[in-house]
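Summary of structural features
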Amino acid sequence: MTQTKTSPGGRGTLYKGREGMWSWVGHRITGVGIFFFLLVHVLDTSLVRVSPEAYNAVIGAYKHPIMVLGEIGLVGAIVFHAFNGLRIILVDFWKQGTRYHRQMLWAVLVLWFVTMVGFSVRHLMTFFEGWEGF
Amino acid sequence: MTTTNSDAVLPAQGIEAPRSGRIDPKYLRSNPSAGSFEMVAWVFMRVSGAALVVLIFVHLWVNLMVGDGIHQIDFAFVAGKWSNPVWQFWDLTMLWLAMLHGTNGMRTIINDYAEKDSTRLWLKSILYLAATVIIILGTMVIFTFEACLVNEAGELLEYAPAFCENVTQ
């Protein structure tokens, strides 16, 4: 039995480089981003206990065009983290998980793209319908 | 690469296979109690993660995808949702699970990248303090929220949701 350093595909260990590593990098970056948004989001929601005016003023910032694009970015991060998280659960608990982890990442990306097209279209639609200009 | 389990590859008589018996604690990678915490944390990330997919997707759907989307969100919208105990419980569960899930993720990242003991301690102290404050604050906001606010004269504030007019007369 010869031990080679690389797998037949020449890609080294399971998670080094390629899909395994990049999905891990993406999961970390989106996770950190979502965490900091969550801190801010609990704080802005807490303004309902200060006064209706304070809450409406701050939540109004989320209705600015730049923030609407930011929301698409945020939801993009959440949807990737969600779908890739389900993929991680399958890698861990499904018998064939490690064998198909690459294919599952491509499925995650396809589902992410479809979801984001749907979300972006609907979000921009409702935004422009209610937008009163700058 | 098929290796048959022939006698040639079996260990010599009298030598135990690895991990077949008791391992001297000094050769263990971690003590058993720390191991069980990490195991609980690992399971929690998967269980809470699966639950959060449902909780957050519904949250985004109800707040952004139906009705007027982003423009419907104001004080009256929050008041309307939290007048229903289901949404109170929904948001409370989401708050706790997301904060614990996120805090544990940040803990993992700090452990990975902060090499100095004192740096790790400081970063994790700040993390746990922030997480505690946010969880307690969010919980108190959900449970002490008052939708039908009135002024000194006892009249409803203009921001109050429509259903308040039936409640306070």
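Residues numbered from 1 in each chain as written. Chains lettered and ligands numbered in written order. Predicted model: local features only at pLDDT ≥ 70, side-chain atom pairs only at ≥ 80, totals over all residues. Heavy atoms only, no water.

Some words on the overall build of chain A
Across its full length, chain A holds four helices and zero strands. The secondary structure elements of chain A, listed N-terminal to C-terminal, are α-α-α-α. The long-range share in chain A, meaning contacts at least 24 apart out of those at least 6 apart in sequence, stands at 65%. Roughly 8,000 Å² of accessible area belongs to chain A as shown, and the carbon and sulfur atoms make up 71% of that amount. (Helix = DSSP H or I, 4+ residues; strand = E, 2+ residues; numbered from the N terminus. Contact = heavy atoms within 4.5 Å. Areas by Shrake-Rupley, 256 points an atom, 1.4 Å probe, with all protein chains shown as cover.)

Quick notes on the overall build of chain B
If you tally the helices and strands in chain B, you get five helices and zero strands. In sequence order, chain B lays out its α and β elements as α-α-α-α-α. Expressed as a percentage of its 169 residues, the buried residues of chain B come to 33%. Contacts in chain B between residues at least 24 apart in sequence constitute 58% of all its contacts with a sequence separation of at least 6. Only carbon and sulfur atoms are counted for the fraction: they give 64% of the accessible area of chain B, which is about 11,400 Å². (Buried < 20%, exposed > 50% of the residue type's maximum accessible area, 1.4 Å probe, protein only.)

So, the interface of chain B and chain A
Chain B puts 44 residues into the contact, and the matching count from chain A is 41 residues. Here chain B and chain A share an interface that buries about 3,600 Å² over both sides, 76% of which is from carbon and sulfur atoms. Broken down residue by residue, the surface that chain B buries against chain A is led by Met 65, Ile 70 and His 71 of chain B, which jointly contribute 18%. In this assembly, chain B and chain A are joined by two salt bridges. Two residues, Arg 28 of chain A and Asp 112 of chain B, come together in a salt bridge whose shortest N-O distance is 2.5 Å. The interface formed by chain B and chain A includes nine residue pairs in polar contact (both at pLDDT 80 or more). Broken down by secondary-structure element, the contributors of at least two residues to the side of chain B that touches chain A are α1 (32-65), α2 (75-82), α3 (85-113) and α4 (117-144) of chain B. Examining the composition of the side of chain B that touches chain A, we find that eleven residues originate from one element, α3 of chain B, more than from any other. (Buried area = accessible area lost by both parts, 1.4 Å probe. Salt bridge = Lys/Arg side-chain N within 4 Å of Asp/Glu carboxyl O. Polar contact = N/O pair within 3.5 Å; in protein donor to acceptor, adjacent residues only side chain to side chain.)

Comments concerning the environment of Ala 41 of chain B
Residues and elements named next belong to chain B. With respect to the helices and strands, the residue Ala 41 is situated in helix α1. In this structure the C-alpha to C-alpha distance between Ala 41 and Gly 105, which are 64 residues apart in sequence, comes to 9.7 Å. In this structure, Ala 41 is in contact with Asn 104 and Arg 107, ignoring residues within four places of it in sequence.

So, the packing of aromatic side chains
All chains considered together, the criterion is met by ten aromatic pairs over all chains. Through successive ring pairs, a cluster of aromatic residues spans Phe 127, Phe 128 and Trp 131 of chain A. Taking NZ or CZ as reference, Lys 81 of chain B lies 4.5 Å from the ring centre of Trp 87 of chain B, over its face. (Phe/Tyr/Trp six-rings, centres within 6.5 Å; stacked < 30°, edge-to-face > 60°. Lys NZ or Arg CZ within 6 Å of the ring centre and 35° of its normal.)

Describing the nonpolar core
In this structure, Val 48, Tyr 55 and Phe 119 of chain A together with Leu 64, Trp 82 and Phe 145 of chain B are the most contacted members of the largest nonpolar core, which totals 34 residues. Put simply, the parts of the chain that give this core at least two residues each are α2 (52-60), α3 (65-93) and α4 (101-130) of chain A together with α1, α2, α3 and α4 of chain B. In terms of residue count, α3 of chain A provides more of this core than any other element does, six residues in total. Excluding residues within four positions of it along the chain, Phe 145 of chain B makes contact with Val 48 and Arg 49 of chain A together with Phe 75, Ala 79 and Trp 82 of chain B. Within the second largest apolar cluster, 18 residues are counted, among which are Leu 38 of chain A together with Ala 114, Ala 131 and Ile 134 of chain B. (Core = buried A, V, L, I, M, F, W, Y, C linked by side-chain atoms within 4.5 Å.)

These figures capture arrangement, not role.
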